[in-house]
Amino acid sequence: MSPDADRLWRTAQALNRAAAAVSPPAGRLPPLLFLTDPQRTPEPWITAAALPPGAGIVYRHFGAEDRQAVAERLRRVTTASGVRLLIGQDARLAEAVAADGVHLPERDLGLAALLRVTRPDWLLTGAVHGRDRLSGAQGLDAMILSPVFQAGGASAEKAPLTVEGFADGVRAARLPVYALGGIDADNAEALIGSGACGIAGVDGVRRAFG
């Protein structure tokens, strides 16, 4: 593990332990989530193979034609390394590759309740952008709030919440909350004390873990 990867992982674990002390269910969540992106992480299995046991990956295919093959490859890698695999939005694909759960985009959070009934064993997370959306969707295990810092991808045009704004959102939330958006090994420690149950990332995780 590289020095940056070690720092990021240790910080994510510290956040998770602190959150679990307040809300025990948070302790069952992966401390670190790697979110894929077809453009920014074209070979997600490389990063997935380098993640430590207990981490998680959210495969977001956004309709890619090779999604089945990539998901199957990620399932093989994550099974071997003890990493949990969630599929973004696509419950059918999650079923097909025996994934560990599903990650829902903000527009589909209402599906969480049905998924919880049909697949009570799955880990279910949901994306929210802005503190006003943290009232919670019934059935989710955790929410991912972004962007904390200046981020890339679809969040590049959104104003950062800042650590203080993120912490305010966590205090108002009914569920454990992951921090996402511009987080890397250099700024992750700023989240200590924010109430985050862990760290989620795209570029920052890819750079640290390869």
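Refer to the preceding data block for the structure.
Per chain, the residues get numbers from 1 upward, laid out in the order the sequence is written. Local features are withheld for residues below a pLDDT of 70 in this predicted model, meaning they are given only at 70 or higher, and side-chain atom pairs are given and counted only at 80 or more; totals for whole chains, interfaces and linings count all residues. Note: side-chain values were computed over all heavy atoms of the structure, leaving out hydrogens and water.

A. Fine view of the nonpolar core. In these notes, a set of buried Ala, Val, Leu, Ile, Met, Phe, Trp, Tyr and Cys residues joined through side-chain atoms within 4.5 Å is what counts as a nonpolar core. Exposure categories follow from relative accessible area, calculated using a 1.4 Å probe and restricted to protein chains: below 20% of the type maximum is buried, above 50% is exposed, and the middle band is partly exposed. One finds Leu32, Leu51, Ile87, Phe166, Leu191, Ile199 and Phe209 to be the most contacted residues of the largest nonpolar core, which totals 52 residues. Helical segments are the DSSP runs of H or I of at least four residues, strand segments are the runs of E of at least two, and each set is numbered from the N terminus. Looking at which element gives the most residues to this core, the answer is helix α1 (residues 3–22), with five residues. Sequence-distant contacts of Ile87, that is, excluding residues within four places in its chain, are made with Tyr59, Ala71, Leu93, Ala94, Val97, Ala99, Gly101, Val102 and His103. One finds Ala19, Ala26, Leu33 and Ala142 within the second-largest nonpolar core, a separate group that totals 15 residues. Residue contacts are defined here by distance: any two heavy atoms, one from each residue, within 4.5 Å place the two residues in contact.

B. Quick look at the pairing of strand β6 (residues 142–146). Burial analysis of β6 places five of its five residues in the buried class, which makes it a mostly covered element. Of the two faces of β6, the one holding Ala142, Ile144 and Ser146 and the one holding Met143 and Leu145 are both buried throughout. Alignment of strand β5 (residues 123–129) against β6, held across five bridges, turns out to be parallel. Residue Thr125 lies in a different strand from β6, and its bridge partner there is Ala142. Here, any two strands with at least 2 DSSP bridges between them count as paired. Of the strand pairs in this sheet, β6 and strand β7 (residues 177–180) are connected by three bridges, and their pairing is parallel. Within β7, the position partnered with Met143 by the bridge is Val177.

These values are about where atoms sit, not about what they do.
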